[in-house]
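Coordinate analysis (summary)
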Amino acid sequence: MPHATDALGQLRVRSRMIFRAVDWTLPIWIGAALFLVFLMILPLGWIFATSLWGEQGWTLDAYVRVFTEAALLKALRNTILISFWVGVLAVVVGSLLAWLVTRTDLPAKKAIRALVMASFVTPPFLGAFAWTLLAGPNAGLLNRLYRSATGAEGALLNIFTMEGLIFVMVLYSFPYVFSMVANIFELITSDLEDAANILGAGRLRTMLTITLPLAAPALLGGFILAFLHSLSLFGVPAILGLPAGLHTITTQIWALFQYPPRPDLAAAFSVPLLLATMLLLALQRRILGQRGYSTVGGKGGERRTVRLGIFRRPIFFLVLALLSLSVFLPYGILLKAALARAWALPLTWDNLTLGHFRFAFFQYGDTQGAILNTFKLGILTATAGTLIAALIAYITNRQLFRGARYLAFFALAPLVIPGIVLAVGLFFAYARPPLLLYGTIWILFVAYLTKEMPVGFAQAETTFKAIQIELEDASRIMGANRFMALKDVTAPLARSGLIATWCFIFIGVIRELSASILLFTPKSKVVSVVIFDLKEEGQIGVIAVLGILLLLVSFFLILAVHWVAGRDLLVSRE
Amino acid sequence: MKRLSVLVLFILVRAALASAQEAALVEAGKREGKVVWYTSLALPSSTALAHLFMNRYQGIEVEVHRTGSGRVLQRVMQEVAAGIRNVDIIHTSDAGHFVLFKNKGLVMRYTPKGVEGFPASFKDKDDFYYGMRSTLSTIAYNPRAVAEREAPRSWKDLLDAKWRGKMASAHPSYSGVIATHVLALVNLYGWDYFRDLAKNRLHLVQSATAEIAGVVASGERAIAVNGAEYFFYKMLKEGNPLKIIYPKEGVPLVVSPTAIAKGAPHPSAAKLFTDFIFTREAQQMLADREGLYTGHPEVNYPQDKPKLKELRLLSTDASQLEERNAEIRKRFVEFFGA
């Protein structure tokens, strides 16, 4: 059928021409360029300029101070130490769990995946807050249980330590490793493992010599991801580290904005964070790009499940215990705090109250305003983000004009900017005239849109990749033009995928703290910031109420995505 | 006789003029509809004061934005730099902030009604700001964790190594009460005191009100080495396990000023609210309900609170506070780590 192919080829050429005839190319490139200039180049440019500009002109003073002043150096050292251990432990926990879920006969795998997912969407600052109630050395619930059970005087756990900080960060970082490694394990066939078995290797040896090396790139990639995730966190170190006198880079940057502000130092301190992120992401890309094993790439072959035998049950309970640290225990104590007059006392009838709900939703102006702002921003960002991500993904996927694939760069570039660094840049760029966004929710909108663009793009790209281009072509042959084909064929097929994109961006927005903390004003407070502020007001019950609200909305959206698109945030994120 | 009637007439006219002025202010305030208050007064106290005002002047909403003094300052300065005009009234517990505001021309000259009888320490000599309350910074402990005869009695008792890991402090970067407290004790003992105190590895919280009182009342730490006495008192009255110690060597007295921002978007409502804050009714409410001390000469205090004149008070100078604020923060962080 040479004619048909010919016709199709011509059609594609023509469709590109039509596309060009409307002259979309220019506006899209201009749009992408504006996006890059205003959301990234300008803020980052301001950071570099501020870090290099002193009272007497250009200088490296700020950098010298950052790398010589004891307090700042200590924050730097703390951060590297913390992130390193978070990376290592998250890899251990995440990959073991991934192996158990993908390659063994562990029971209730679906439930376990759901719990990993729940850990993933739990805002880390909320987890940290819950853990202060669980493992504060004296009043913490677990420590009190421990003392009454053993009669001991000391504390079993002290969450206000570097170890405590690492522990909580691991709980909310390991899902990143899990998803990456689980994806690989699902692709590794059992052929080599079988060979090793036949040659006499035991299960453990097979795992150590075959499975582990095959998964090594993913493990290293997962390490980098967890490392970067913990590097960018603000809420966890602020809640657990500051009380113990521990600063990290993010909390230090935040403190440098206190009056009298030191923007030069904040900027100079942001640069290492930015460079480290860029470097590690480039490294990660290289490592994962080298994945040339035929054993991993192929879809064929067989994946045998390892029988856990008599260990099946104990391991299952161990896994449950682990996930209870990130899910059941924190959620339980939040629920208790939300319903109790005094969170530390037993939940008896007298101690029960709905007062915190009443206060949060009906009485306190700040929480009401923040809830409104959060949902407004969630909807705005998710809608704008989905539209832009879908447009870019569609264009790159269909190669609508020359160099279209480079557009992806614009959508993925924000990955290299940690939230607080983005906020520092946006603050310098838009918190004074002539470009004044500070004081409104729009500066948060800009921050969220930039931050969520990579996630949105990845989701949208998956969506369009799954839609066969031939379907569009068929409708074009039947006489539809590009827009009709888009409307009648592609859009309905992409709908569920784009709804998923929307939901994931929304979830990302409502849990954001590290950028919001520098960009909010009384008029533009969001829930995460109010939670942070209320800690200082001792309003533990109200924090719990707001935290539960965030969690419920997130779970509802994830379920919605599951029903509508059958898609999992964890698996498709990377 | 004639002279007397002239005098009476004069007084009557003045009263009539004053009430006409007030009526005009109320009218203008209602047109503006609201007043935005950045305040470091604890959340329950500031909302109570706002509600008292809103009941009296219906149609004028008080928008309360409560955070620590340091954050109020940061917010005001950031908004000034951005050219945002949002705040009407600024209230913090760091009198140094108001010296700064005054020098930078960020606050309005305004003398609230009824401040004539206030002590001089509550007044700015140039009429830019007035102290609306005063707070003591004291020690507090949890009687379930520390027996009464063991409890620390003086600032120096807190240096004892037996309290290592058992004490909490609020933060001078956040709280104006604590910034003032640190200066008062540095004046008394020098920085060595804080260097030694830091060896007892304190749990650091931000706020000198609900947060530090909560940490001690919940038993998370046994002793608060500083904190706003009015909030300790309030929580104690609510039945929480707390005891307050007023050290004999001296108790820092923190006078917290209030001022109207220059270019306030709701100037009339701001003046009305400022006048209201200094009325006997409002000041008495702060004393009764919130356990605060005030400069108002006719205010009575709860019987179970010590009289100010029974205590040795440590006063600090606003301009000294302004000069040394940066140093206070820097050294505190140096000793305590964050």
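1. Quick notes on the interface of chain B and chain A
Counting from both sides, the interface comprises 36 residues of chain B and, opposite them, 28 residues of chain A. The set of elements that each furnish at least two residues to the side of chain B that touches chain A consists of β2 (61-66), α3 (69-82), β7 (203-204), α7 (210-217) and α11 (318-336) of chain B. Sorting elements by how many residues they give to the side of chain B that touches chain A places α3(B) first, with eight residues. Here the residues of the side of chain B that touches chain A are counted per class, giving 14 nonpolar, 16 polar and six charged.

2. Considering the domain arrangement of chain B
Residues and elements named next belong to chain B. Domain boundaries assigned for chain B yield domain 1 (31-135 + 255-299) and domain 2 (136-253 + 311-336). Spacing between the C-alpha centres of domain 1 and domain 2 amounts to 25 Å. Between domain 1 and domain 2, the contact holds 22 residues from the first and 26 residues from the second. Contributing elements (two or more residues each) for the side of domain 1 that touches domain 2: α3, α4 (95-103), β4 (130-136) and β10 (251-260). For the side of domain 1 that touches domain 2, the leading source of residues is α4, giving five residues. Its residues placed into classes, the side of domain 1 that touches domain 2 shows seven nonpolar, 12 polar and three charged.

3. Focus: the sheet that holds strand β6 (residues 167-169) of chain B
Residue and element names in this part refer to chain B. With mixed pairing, five strands are arranged side by side in an open sheet as β7-β6-β8-β5-β9. This sheet does not close on itself; its edge strands, each paired only once, are β7 and β9 (243-245). Alignment of strand β5 (residues 139-141) against β9, held across three bridges, turns out to be antiparallel. Looking at the pairing, Ala 140 lines up with Ile 244 of β9.

4. Considerations on the pairing of β4(B)
Residues and elements named next belong to chain B. Counting buried residues in β4 gives seven out of seven residues, a clear majority hidden from the surface. The pairing of β4 with β10 spans six bridges and is antiparallel. Pairing of Ser 134 across the sheet is with Val 255, part of β10.

5. What to know about the confidence of the model for chain B
Of the residues in chain B, 99% reach a pLDDT of 70 or more, and the chain-wide mean stands at 95. Prediction confidence for the complex, expressed as pTM and ipTM, is 0.92 and 0.93 respectively.

6. Some details on the packing of helix α5 (residues 176-189) of chain B against α11(B)
All names here are of chain B. Direction vectors running N to C along α5 and α11 enclose 90°, while the axes themselves pass 10 Å from each other. Looking at the two axes, α5 sits roughly perpendicular to α11. Here α5 contributes Ala 179, Thr 180, Val 182 and Leu 183 to the contact with α11, which in turn contributes Gln 320, Leu 321, Arg 324, Asn 325, Ile 328 and Phe 332. Residues that form the contact of α5 with α11 fall into these classes: six nonpolar, three polar and one charged.

Conventions we followed
- Residues numbered from 1 in each chain as written.
- Chains lettered and ligands numbered in written order.
- Predicted model: local features only at pLDDT ≥ 70, side-chain atom pairs only at ≥ 80, totals over all residues.
- Contact = placed C-beta atoms within 7 Å.
- Helix = DSSP H or I, 4+ residues; strand = E, 2+ residues; numbered from the N terminus.
- Nonpolar A, V, L, I, M, F, W, Y, C, P; charged D, E, K, R; others polar.
- Domains from an automatic or database assignment.
- Pairing = 2+ DSSP bridges.
- Buried ≥ 20, exposed ≤ 12 C-beta atoms within 10 Å, placed from the backbone.
- pLDDT = per-residue confidence, 0-100.
- Axes fitted to C-alpha atoms, helices over the stretch in contact; angles between N-to-C directions.
- Parallel < 35°, antiparallel > 145°, perpendicular 65-115°, else oblique.

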